[in-house]
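Take a look at the letters that make up each chain.
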Amino acid sequence: MAHDLEILQQALIAADPGEALAATERLLAAGVAPTTILEEGMAAAMFELGERWKRGEAFLPEVVASAEVFKRCNELVEPALLATRDPDAEANALVVLATVKGDLHDLGKNMVAAMLRTSGFDVLDLGKDVSADRIVEVVREQAPQIVGLSALLTTTVPYQETVIRRLEDAGLRDAVKVMVGGAPVTPEWAERIGADGYANNAPEAVEIARKLVGAPQ
Ligand code: B12
């Protein structure tokens, strides 16, 4: 299994769909947990690719291609993940998720969405590049228990605070918990902007969400 996780990582970094999909299929067939494939295989590969990009060893078109292969692998893993949904673990809560305005990174948010669904949450995913106005409107209309905000750029992370302030201005802040995430987001930042929760990865996001709504862990 460790070998196939390594192959999957290398194939994602190389944007090789044939190798990546075959390794994903082998891992699933071997009964490896979908969360392990997602976090230790796929997310880890994108992190490594980001490091190479930073060092000038990878370039934007390669990252675009890897992100496409990531999505195709995800199409195999997500149904397997959802099949692990425990019907007795219903959280009875709605989470509205969005990647904030100006930010087009959605692979991590999509993983959070899938893992929340698997853990018995209803999820309304507003997508990427989502404005505070839109989020406020949806919170007013749908009355979710939680809003989850993703941001991957140092230039878009401050928009998480903008959304919180807009919820306050609209008189909705007390009605909803806000959790924030994305690679550059820190627990200190979450605390500073008055978010109710922060998580570093999707399984942790589920844990925090269950705590926020008082669902059994
Ligand atoms: C893939 C990628 C892209 C893809 C995105 C494809 C897509 N559909 O998402 C493309 C090629 C489009 C892209 C574009 C750009 N990118 Co980019 N990208 C990345 C890369 C390599 C990986 C991101 C990723 O998908 N990781 C995998 C996922 C699974 O991890 P994740 O997103 O962190 O999510 C996990 C956690 O953070 C958490 N989480 C995520 N969201 C949430 C939400 C909540 C509520 C919670 C609780 C938890 C949580 O759970 C997830 C699962 O574990 C990162 C490198 C990195 N280290 O992050 C750069 C990176 C983020 N990009 C970067 C840059 C510069 C750009 C561009 C500006 C490049 C350009 N010149 O055009 C554009 C910006 C476009 C825009 N307006 O958004 C920089 C940002 C630097 C900075 N200082 O801000 C990075 C860090 C690369 C680098 N090392 O320089 N990018």
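Basis of the calculations
- Residues numbered from 1 in each chain as written.
- Predicted model: local features only at pLDDT ≥ 70, side-chain atom pairs only at ≥ 80, totals over all residues.
- Heavy atoms only, no water.
- Domains from an automatic or database assignment.
- Contact = heavy atoms within 4.5 Å.
- Buried area = accessible area lost by both parts, 1.4 Å probe.
- Pairing = 2+ DSSP bridges.
- Helix = DSSP H or I, 4+ residues; strand = E, 2+ residues; numbered from the N terminus.
- Axes fitted to C-alpha atoms, helices over the stretch in contact; angles between N-to-C directions.
- Buried < 20%, exposed > 50% of the residue type's maximum accessible area, 1.4 Å probe, protein only.
- Right-handed = clockwise from strand over helix to strand, strands pointing away.
- Expected span 1.5 Å × (residues − 1).
- Arc of directions from axis to C-beta.
- Polar contact = N/O pair within 3.5 Å; in protein donor to acceptor, adjacent residues only side chain to side chain.

A. Structural context of the domain arrangement of the chain. Domains assigned within the chain are domain 1 (2-82) and domain 2 (89-212). Relative to domain 2, the C-alpha centre of domain 1 lies at a distance of 24 Å. Facing eleven residues of domain 1, the contacting portion of domain 2 comprises ten residues. When residues of domain 1 are sorted by the area they lose upon contact with domain 2, Glu39, Leu81 and Leu82 head the list and together hold 44% of the total.

B. Examining the sheet that holds strand β1 (residues 94-99) more closely. Ordered by their spatial adjacency, five strands build an open sheet running β2-β1-β3-β4-β5, and the pairing between neighbours is parallel. Looking at strand neighbours, the two that pair on one side only are β2 (122-125) and β5 (197-198), the edges of this open sheet. Across the face of the sheet, helix α7 (residues 158-169) comes into contact with β3 (146-150) and β4 (177-181) while running at roughly 175 degrees to β4.

C. Examining the environment of glycine 148 more closely. Among the secondary structure elements, glycine 148 is positioned in strand β3. When its relative accessible area of 3% is taken as the criterion, glycine 148 is described as buried. A C-alpha to C-alpha distance of 11 Å links glycine 148 and glycine 127, two positions 21 residues apart in sequence. Excluding residues that lie within four positions of it along the chain, glycine 148 makes contacts with Val95, Val96, Leu97, Ala98 and Met179.

D. Representation of the pairing of β2 within the structure. With four bridges joining them, β1 and β2 adopt parallel strand pairing. Bridging across to β2, valine 96 finds its partner in leucine 124. One crossover worth recording links β1 to the parallel β2 by way of helix α5 (residues 107-118), and it is right-handed.

E. Seen up close, helix α2 (residues 17-29). In this model, α2 (13 residues) spans 18 Å end to end at C-alpha, consistent with the 18 Å of a helix rising 1.5 Å per residue. All of the buried residues in α2 are Ala20, Leu21, Ala23, Thr24 and Leu27. All buried residues of α2 lie within an arc of 160 degrees about the axis, which places them on one face of the element. In this structure, the buried side of α2 is in contact with α1 (2-13), α3 (34-54) and α4 (60-82). Backbone nitrogen of glycine 18 and a side-chain oxygen of the N-cap are separated by 3.2 Å at the start of α2; the cap is aspartate 16. Positive backbone phi, at 80 degrees, marks glycine 31, one or two positions downstream of α2.

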